[in-house]
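Here is how the chains run, residue by residue.
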Amino acid sequence: TLSSSSAASDVYKRQINTPLERLYNPADAQEMPFVEASYALFSTLLPQNARALLAQGRPLYIVPSGALYSVPFEALLTRPAQRIDEARFLLEDVSISYVTSASLLKTLRDARKRAAHAARHPLLAFAHPDYQPLYTRLEGTTRSLPIQALMSEFEEIPELEETEYEARAIAAVLGASPEGRPLQLRQDASRANLLRMNADGRLGAYQYILFSLHGIIPGEVSYIDQPALILSDDLLMMSDVFGLSLNADMVMLSACNTGRGKYQRGEGVMGFTRAFMYAGTPATTVTLWAVDSFSAKDIGVGMFLHLSQGQPLAHALRAIKLQLLKGQKGTEFRHPFFWAPFVIFGEGFL
C-alpha cells in the first residue's frame, strides 16, 4: 500500500494550474504540461527504490490525501516523454484500487466475510432515465429546493440513450434473468423505485448495481450541497445512499464526477464512495471528471465482460482501460481523458 504524501500533493499543485478536465482533454490540453507534471508526480510518489515493487505485479492500493483524491494514478507517466503518444503509463504495469485508509480496507474485508452469500441476482441497473416528465409532472406541486434549482439551471436535461445500451449489454454479459428485473429504464429509473426496493429488502439480492445516468456535484447547482444522481423523478442524494441496505460486490456509478465531494482533513472525500460502502458494498467504481458517454459505455461493458471471466474488479477495469489505450475500441479513445477518470474505491481485488 502506498500512502500519498503532502510533498507529492505540493508537486501536483505546482505543476498543474488547470482543471483536471482540461489537463486530460485532448481538445483543450497542451501535451507538454501534462507529460511533465505526470512524470514529476510519479517520480515524487515512487522514488527509485520503491519502483521495484511494481515490477512484481502485486495489487497496488493507493491511499490518497488532499488534491491527490482527484488524480487517476493510472495516468501517471513512468518515464520521461515529449508527447502523449510516447508515454508509458502506470496503467500498463499494475492494477490499482483506492482506499481512504488501510484500516478501512481491513474493515471492508471483515464485513465481506460476515456477509451472507445466498443465491443472488447478478445485476440491477438504473439507466436512461426519462427526464422530460421531471419538468411537467411536478407543475403546481411543492418542489424541494434542489429540484427547483435544477429545473431553473437547465432548460432540459440531455437524454443518454447509450446508457440503455450499456445496461442491456452488461445484463447480457452477466446472463441476468428477466425474473430478477435487472433493468430499471426510463420511468422505472426512479428514486421512488429504488427506495421502494430498499424498503422491501430487495436491494440486498443483487451482486452488482449500476447507475448509468447524469450526476452532479456540490457547487454546480444552487442548493445542492452534496453529490447527487439525477433519476427520472428526483435526485438521489448522497444522504439517501447512507440509508440503503446492499449486499453487492460492487456499485458502478457510470456518471460524471461521482468520485468527487467535499474533502475533510483526516476523513478524505465525503462523497458517494463512502456512502455506498456504508450501505453495504466493499467497492465502488466512480469517475473523477465529466466523462465521455460513449467511452464510458465501452468501459462499463468491457469491465463486466472481464468480470464474467473471473477477473478481480481492479484487474477487470485495468483490462478494458488497456484496450482503449491500445486503440482496440477505436483510436479516438486512446487519450487518457477517455479511460483515466474511472477508478475503484474500496476492495478492488475481490
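Residues numbered from 1 in each chain as written. Predicted model: local features only at pLDDT ≥ 70, side-chain atom pairs only at ≥ 80, totals over all residues. Heavy atoms only, no water.

### Description of the nonpolar core
1) Next: Membership of the largest hydrophobic core comes to 116 residues, with the highest contact counts inside it found for Phe73, Phe211 and Met303.
2) Next: A per-element tally of this core places helix H13 (residues 313-325) first, with 8 residues. (Core = buried A, V, L, I, M, F, W, Y, C linked by side-chain atoms within 4.5 Å. Buried < 20%, exposed > 50% of the residue type's maximum accessible area, 1.4 Å probe, protein only. Helix = DSSP H or I, 4+ residues; strand = E, 2+ residues; numbered from the N terminus.)

### Comments concerning the packing of helix H8 (residues 161-174) against helix H12 (residues 293-308)
Each pair of packed helices can be summarised by the angle the axes make with each other and by the distance between the axes.
1) Next: Taken N-terminus to C-terminus, the directions of H8 and H12 make an angle of 5°; their axes are 9 Å apart at the nearest point. On the basis of their axis angle, the class for H8 and H12 is roughly parallel. Residue-level contacts link Glu162, Tyr165, Glu166, Ala169, Ile170, Val173 and Leu174 of H8 to Ser293, Phe294, Ala296, Lys297, Gly300, Val301, Phe304, Leu305 and Ser308 of H12.
2) Next: Of the residues that constitute the contact of H8 with H12, the class distribution is 10 nonpolar, 3 polar and 3 charged. (Axes fitted to C-alpha atoms, helices over the stretch in contact; angles between N-to-C directions. Parallel < 35°, antiparallel > 145°, perpendicular 65-115°, else oblique. Contact = heavy atoms within 4.5 Å. Nonpolar A, V, L, I, M, F, W, Y, C, P; charged D, E, K, R; others polar.)

### With respect to the packing of aromatic side chains
1) Next: Per the counting criterion, the structure on display carries 14 aromatic pairs.
2) Next: Summarising the aromatic geometry, the rings of tyrosine 69 and phenylalanine 345 are spaced 6.2 Å apart at their centres and angled 5° between planes, so their arrangement reads as stacked. On the criterion of sequence distance, the pair formed by tyrosine 69 in the loop between strand S2 (60-63) and strand S3 (96-98) and phenylalanine 345 in strand S14 (residues 342-346) is long-range, its members being 276 residues apart.
3) Next: Judged by its relative accessible area of 4%, phenylalanine 345 falls in the buried class.
4) Next: Ring centres of tyrosine 208 and phenylalanine 304 lie 5.3 Å apart, and the angle between their planes is 85°; this geometry places the pair in the edge-to-face category. (Phe/Tyr/Trp six-rings, centres within 6.5 Å; stacked < 30°, edge-to-face > 60°.)

### What about H12?
Structurally, the α-helix is built with 3.6 residues per turn, so residues lying three or four positions apart point the same way.
1) Next: Compared with the 22 Å implied by 1.5 Å per residue over 16 residues, the 23 Å span of H12 between its first and last C-alpha is a close match.
2) Next: In terms of burial, H12 is a largely internal element, 12 of the 16 residues being buried.
3) Next: All of the buried residues along H12 are Ser295, Ala296, Lys297, Asp298, Ile299, Gly300, Val301, Gly302, Met303, Phe304, His306 and Leu307.
4) Next: Two or three places before phenylalanine 294, at the opening of H12, aspartate 292 has a side-chain oxygen 3.2 Å from that residue's backbone nitrogen.
5) Next: Positive backbone phi, approximately 95°, marks glycine 310, located one or two places after H12. (Expected span 1.5 Å × (residues − 1). Polar contact = N/O pair within 3.5 Å; in protein donor to acceptor, adjacent residues only side chain to side chain.)

### Remarks on the pattern of salt bridges
1) Next: Following the criterion strictly, the structure yields 12 salt bridges and no others.
2) Next: We note a salt bridge from glutamate 92 to arginine 88, for which the minimum N-O separation is 3.4 Å.
3) Next: Residue glutamate 159 pairs with arginine 186 through a salt bridge whose shortest N-O separation is 2.9 Å. On the criterion of sequence distance, the pair formed by glutamate 159 in the loop between helix H7 (145-153) and H8 and arginine 186 in strand S5 (residues 183-186) is long-range, its members being 27 residues apart. (Salt bridge = Lys/Arg side-chain N within 4 Å of Asp/Glu carboxyl O.)

### A few points about the environment of alanine 125
1) Next: Among the structural elements, alanine 125 can be located in strand S4 (residues 121-129).
2) Next: Separated by 60 residues in sequence, alanine 125 and leucine 185 have C-alpha atoms that sit 7.9 Å apart.
3) Next: When near neighbours in sequence (up to four residues on either side) are disregarded, alanine 125 contacts Ala167, Pro182, Leu183, Gln184 and Leu210.

### Notes on the sheet that holds strand S7 (residues 214-216)
1) Next: Strand order in this open sheet of 3 strands is S7-S8-S9, and the pairing throughout is antiparallel. Of all the strands in the sheet, the pair left with one neighbour each is S7 and strand S9 (235-237). Between one strand axis and the next, the sheet turns through 25° on average, direction left out of account.
2) Next: As defined by bridge partners, strand S8 (residues 228-230) adjoins S9 across 3 bridges and the pair is classed as antiparallel. Looking across to S9, one finds that leucine 229 is bridged to leucine 236. (Pairing = 2+ DSSP bridges.)

### Some points on the confidence of the model for the chain
1) Next: Taken over all residues, the pLDDT of the chain has a mean of 84, while the share at 70 or more is 85%.
2) Next: Mean pLDDT values over the elements of the chain span from 37, in strand S1 (residues 2-3), up to 98, in S5.
3) Next: Counted against residues more than four places away or in other chains, residues 1-19, with its pLDDT under 50, gives 39 contacts. (pLDDT = per-residue confidence, 0-100.)

### Overview of H13
1) Next: Here H13 is 13 residues long and its end C-alpha atoms lie 18 Å apart, about the 18 Å a rise of 1.5 Å per residue gives.
2) Next: Of all 13 residues in H13, 11 are buried; the element is thus mostly enclosed.
3) Next: Of the positions making up H13, those classed as buried are Leu313, Ala314, Ala316, Leu317, Ala319, Ile320, Lys321, Leu322, Gln323, Leu324 and Leu325.
4) Next: Just past H13, the residue glycine 327 takes up positive phi, approximately 80°.

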